[in-house]
Protein chains: 2
Amino acid sequence: MHAEIIAVGSELLTSSRIDTNSLFVTERLNELGIDVRAKAVVGDDSNDLAALFRQALDRADLVILTGGLGPTDDDVTRDVVASVLGLPMTENPEVVDRLRRRFESRKLKMPEINRRQAMVPEGAIVLDNPNGTAPGLLIVAGTRRVLLLPGPPRELKPMFERVLSEHLAPHAGSRRFYRRVLRITGRSESHVEQAAQPSYQVWRERRLPIDTTILAAFGQIELHLRVSADSRADADAILDAAARDLHLAIGPDIYSDDGRLLEQVVGDLLVAHKLSIALAESCTGGLLASRLTDVPGSSRYVERGIVAYSNRAKIELLGVDEHLIREHGAVSEPVARAMAEGIRQRAGADIGVAITGIAGPDGGSDAKPVGTVMIATAGVGEPAVRTFRFFGDREQVKFQASQAALDMVRRRLVDYHG
Amino acid sequence: MHAEIIAVGSELLTSSRIDTNSLFVTERLNELGIDVRAKAVVGDDSNDLAALFRQALDRADLVILTGGLGPTDDDVTRDVVASVLGLPMTENPEVVDRLRRRFESRKLKMPEINRRQAMVPEGAIVLDNPNGTAPGLLIVAGTRRVLLLPGPPRELKPMFERVLSEHLAPHAGSRRFYRRVLRITGRSESHVEQAAQPSYQVWRERRLPIDTTILAAFGQIELHLRVSADSRADADAILDAAARDLHLAIGPDIYSDDGRLLEQVVGDLLVAHKLSIALAESCTGGLLASRLTDVPGSSRYVERGIVAYSNRAKIELLGVDEHLIREHGAVSEPVARAMAEGIRQRAGADIGVAITGIAGPDGGSDAKPVGTVMIATAGVGEPAVRTFRFFGDREQVKFQASQAALDMVRRRLVDYHG
């Protein structure tokens, strides 16, 4: 089965917006063994959309259109699809009712324009939208299926999950794509590639060959492995073996081979060892704490965090010796050490982590250019401190610093046998 | 002038890769007043590419194809374009020579397959590629221009900059696009739309009509205005008037009309009033501090932040009365108030902000379901506290809570004449 995806919305043709829905949709389709053959983005223009939609119908068994289901004149998807397929539209009273109740539950009167969202092409299945006003639509036209989904990801995702399991999975064959993502810190893209290359060769000659993609981002590298197989067991055997090859070639720089993010890996290690953590951040400004607390259940191990931007806060809240700051500067290894030890002791936590540095764009010097960051850990083994030099803008420096801090904690916990 | 962009490459149809070249290309084209009408991603398949390319040629004055210019059989872009346009291809000896020298400079022999990269459609202008082996191609076919660029961003970008200035800008005319973004908090998309609708009508009938796009995300709405004009002054006059219309219709829910984010607006207000701020966060886990410190220069006004996840941290670091927590619970208005006042006093800051709530997925109750968040401010006027109920997952609740807190501070500072 082949699918095509058309994202509708003039905003997606600007340089500030990107169609991320198609990534999610592609991933789920691939899991069902459905290949995405092409994807397109088109503005809120009926003629352009009609031309693209006609062409997609020629090629694909499943055409998925996202966006353009809102209540305004800009929202053309419903009308264009109905007109290309030659289906008359009528107002669906149940949908009107549901919309009205949705507004009433918020003590609002439904604006009249929202009635447009209740227009349904003949024979279409209406897909309920618990997170928004725009219902989705599924149309079966001969051997083709056409699926209309709302643009906002939080509306699209749960709706698409339901359509997949209720309407698409039953028609997909037994061949599925199975994926494995390995995440790596502390190496450059070319070093990962060089280490992995010999494995690629071997995998390509297997009965079920593995597709690989390498993705480099600030602070981490991802290796995506994909295999097409008849069962999860077949795929797992192959992907497990491939992951083992990579663990041998790359070693502990691989922090996850099951899709977990670094903050989750660290959280799981803290839970496993029954340890608590406390954070003292200067240049990352709370990003490290925020990432750790993105993980559900993190209140079990995150005791507290201090954003000590000012020297006064470093002295008062972390007990850093004023003379240490005067002698070495706030961005220095001795101050990072003192911050980590200070937060650990004051919080009564098992591990203290401290970050101090120059995120930029100002504040750099020849000796300590923008991107210079010191990270220290205290507790669970010997205290440690490292100096990093990151590249990129302020937000990129902040992210890389938080990533390096998490990785220092991870390596410490992996080696810990409490 | 209208452009379409086609990205070629099967790897761009997986869930892990995204076509970022088109964002860069779009931004540069828009600056020249060239509109991007549609964009597409297609695999390394000659038939699919030919169909898409034909359709793009029908609609656009400029078709830009990226990727598929490598030396292997997978690289079909050159052949497809030449065949659709009916242009014979010949090997260009200069390109062969350049390729050979490139390999020799690295002490390598040019592989024979790389000769494919020297095949040039009749009449095409060859675009030198200093960062890779694939030359670009520019073909003028009647009133249409077709541009072939290599896929790797570091090869595409410098090549595209040169083509723009040497070949496209001279034909672009004086008309350019000018944009204005208005950002709004505290209203739903349909309420913004309803308030703005009468203005849309008026703008559409002007000599230089304004294009509008509304973008709704958690915690904010964006209105993008775009006008095509002969000069910056013409555009500014129109966009300034439009912004005034919207300020009248929507009022102080508009927090920015110059592209600034909410954290920047709050930062600028703090600087203007020479005020400092300190933050006490529970459920947002440092996100509010991290967002405020994303702004360059924020060390001037962010005195400190405390992530007080545990009750012990709330008591020790913020001076919250233990009995208050016992009586009302940690997620309550009295505790939020006490946290805001506590951080303000201890930090010696002008403004204290506190957030306490239930980010989920666990921890909710009937009385305080997941998404319940109390936000308090202290200092600069009467203390204030509000209870919110946000929807979405943990990260979305965190973001909305940080957004609401920033907005409470903003409204307080806008009214402040201290």
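Anything mentioned here points back to the structure above.
1. Some words on the interface of chain A and chain B
Facing 69 residues of chain A, the contacting portion of chain B comprises 70 residues. Buried surface at the junction of chain A and chain B, both sides included, amounts to about 5800 Å², of which 51% is carbon and sulfur. At the boundary of chain A and chain B, one finds 6 salt bridges. Applying the counting criterion to the chain A and chain B interface returns 33 residue pairs in polar contact (both at pLDDT 80 or more). The element best represented in the side of chain A that touches chain B is strand 2 (residues 35-42) of chain A, accounting for 7 residues. For the side of chain A that touches chain B, the residue count by class is 28 nonpolar, 20 polar and 21 charged. Where strand 2 of chain A and strand 2 (residues 35-42) of chain B come together, 5 bridges link them in antiparallel fashion. Across the sheet, A:K39 pairs through a bridge with B:V41, a residue of strand 2 of chain B.

2. Things to note about the sheet that holds strand 11 (residues 220-229) of chain A
All names here are of chain A. As summarised here, the arrangement of the 4 strands in space is 10-11-9-12, forming an open sheet in which the pairing is antiparallel. Two strands in the sheet have a free side with no partner beyond their single neighbour: strand 10 (211-217) and strand 12 (254-256). Each neighbouring strand pair of the sheet contributes to a mean axis angle of 30°, computed without reference to strand direction. Relative to strand 11, strand 10 runs antiparallel, the two being bridged by 7 bridges. Each bridged residue has a counterpart across the sheet, and for T213 the counterpart in strand 11 is H224. Where helix 7 (residues 232-250) meets the sheet, its contacts fall on strand 9 (176-184), strand 11 and strand 12, and the angle it forms with strand 9 comes to roughly 20°.

3. Some points on the pattern of salt bridges
All names here are of chain B. A complete count under the given rule lists 61 salt bridges over all chains for this structure. Here R304 ties to E303 by a salt bridge, and the two come within 2.7 Å at their closest N and O atoms. R304 gets classed as buried once you look at its relative accessible area, which sits at 1%. Among the salt bridges present, the one from D407 reaches R411, with a minimum N-O distance of 2.8 Å. Here the residue D407 and the residue R411 both occupy positions in helix 13 (residues 394-414), the gap between them amounting to 4 residues, near one helical turn. Taking relative accessible area as the criterion, R411 reaches 26% and is therefore assigned partly exposed.

4. Some remarks on the packing of helix 8 (residues 262-272) of chain A against helix 13 (residues 394-414) of chain A
Residues and elements named next belong to chain A. Look at helix 8 against helix 13: their axes get within 9 Å of each other, and the N-to-C directions meet at 35°. Two packed elements cross with a definite hand, and for helix 8 against helix 13 that hand is left-handed. On helix 13, the residues that touch L262, E263, V265, V266, L269 and L270 of helix 8 are Q403, L406, D407, V409, R410, L413 and V414.

5. Side note on the sheet that holds strand 13 (residues 277-281) of chain B
The strand order 17(A)-16(A)-15(A)-13(A)-14(A)-14(B)-13(B)-15(B)-16(B)-17(B) describes an open sheet built from 10 strands, whose pairing is mixed. Of all the strands in the sheet, the pair left with one neighbour each is strand 17 (384-389) of chain A together with strand 17 (384-389) of chain B. Each strand axis lies, on average, 10° off the axis of its neighbour in the sheet, ignoring direction. Each of strand 13 (277-281), strand 14 (302-307), strand 15 (351-357), strand 16 (372-378) and strand 17 of chain A touches helix 12 (residues 333-347) of chain A; the most contacted strand, strand 15 of chain A, lies at about 145° to it.

6. A look at the pairing of strand 9 (residues 176-184) of chain B
Residue and element names in this part refer to chain B. Taken across its 9 residues, strand 9 has 7 buried, putting it largely inside the fold. In terms of strand pairing, strand 9 meets strand 11 (residues 220-229) through 9 bridges, oriented antiparallel. The residue bridging R176 from the neighbouring strand is A229, located in strand 11. Note that strand 9 and strand 12 (residues 254-256) share 2 bridges and pair antiparallel. Note that in strand 12 the partner of I184 across the bridge is I254.

7. Here's the deal with the packing of aromatic side chains
Under the defined criterion, the tally for this structure stands at 6 aromatic pairs over all chains. Centre to centre, the rings of A:F388 and A:F390 are 5.3 Å apart; their planes meet at 10°, and the pair counts as stacked. For A:F388, a relative accessible area of 13% translates into the label buried. Ring centres of B:F24 and B:F160 lie 6.2 Å apart, and the angle between their planes is 70°; on these two criteria the pair is classed as edge-to-face. Of the two residues, B:F24 sits in helix 1 (residues 21-31) while B:F160 sits in helix 5 (residues 153-168), which places them 136 residues apart along the sequence. Residue B:F24 shares its accessibility class with B:F160, and that shared class is buried. Here the basic side chain of A:K157 rests over the ring of A:F24, its NZ or CZ set 5.2 Å away from the ring centre.

8. Topic: unusual backbone geometry
A cis amide bond links A:G360 with the next residue in sequence, A:P361, at an omega value of 0°. By secondary structure assignment, the location of A:P361 is in the loop between strand 15 and strand 16. Phi is positive for B:V380, close to 55°, though the residue is something other than glycine. Along the chain, B:V380 falls in the loop between strand 16 (372-378) and strand 17. A relative accessible area of 15% places B:V380 in the buried class.

9. With respect to the environment of A:T14
The residue A:T14 is located in the loop between strand 1 (2-8) and helix 1 (21-31) in this model. It is 44 Å that separates the C-alpha atoms of A:T14 and A:G329, two residues lying 315 residues apart in sequence. Aside from chain neighbours lying at most four places away, what touches A:T14 is B:L23, B:T26 and B:R179. Within polar-contact distance, the side chain of A:T14 engages the backbone oxygen of A:E11 at 2.7 Å.

10. Some words on the pairing of strand 11 of chain A
Of all 10 residues in strand 11 of chain A, 9 are buried; the element is thus mostly enclosed. Counting the residues in the hairpin turn of strand 10 of chain A and strand 11 of chain A gives 2 residues, including A:G219, whose phi is positive at 80°.

11. Observations regarding helix 1 of chain B
Residue and element names in this part refer to chain B. Within helix 1, 8 of the 11 residues are buried, leaving the element largely enclosed by the surrounding structure. Among the residues of helix 1, those classed as buried are N21, S22, L23, F24, V25, T26, L29 and N30. Of the surrounding secondary structure, the elements contacted by the buried residues of helix 1 are strand 1 (2-8), strand 2, strand 3 (62-66), helix 5, strand 9 and strand 11. Positive phi appears at G33, one or two residues downstream of helix 1, with a value of about 80°.

So, how was this worked out
- Residues numbered from 1 in each chain as written.
- Chains lettered and ligands numbered in written order.
- Predicted model: local features only at pLDDT ≥ 70, side-chain atom pairs only at ≥ 80, totals over all residues.
- Heavy atoms only, no water.
- Contact = heavy atoms within 4.5 Å.
- Buried area = accessible area lost by both parts, 1.4 Å probe.
- Salt bridge = Lys/Arg side-chain N within 4 Å of Asp/Glu carboxyl O.
- Polar contact = N/O pair within 3.5 Å; in protein donor to acceptor, adjacent residues only side chain to side chain.
- Helix = DSSP H or I, 4+ residues; strand = E, 2+ residues; numbered from the N terminus.
- Nonpolar A, V, L, I, M, F, W, Y, C, P; charged D, E, K, R; others polar.
- Pairing = 2+ DSSP bridges.
- Axes fitted to C-alpha atoms, helices over the stretch in contact; angles between N-to-C directions.
- Buried < 20%, exposed > 50% of the residue type's maximum accessible area, 1.4 Å probe, protein only.
- Left-handed = near helix turned anticlockwise from the far one by under 90°.
- Phe/Tyr/Trp six-rings, centres within 6.5 Å; stacked < 30°, edge-to-face > 60°.
- Lys NZ or Arg CZ within 6 Å of the ring centre and 35° of its normal.

Taken by themselves, the reported measurements are silent on function.
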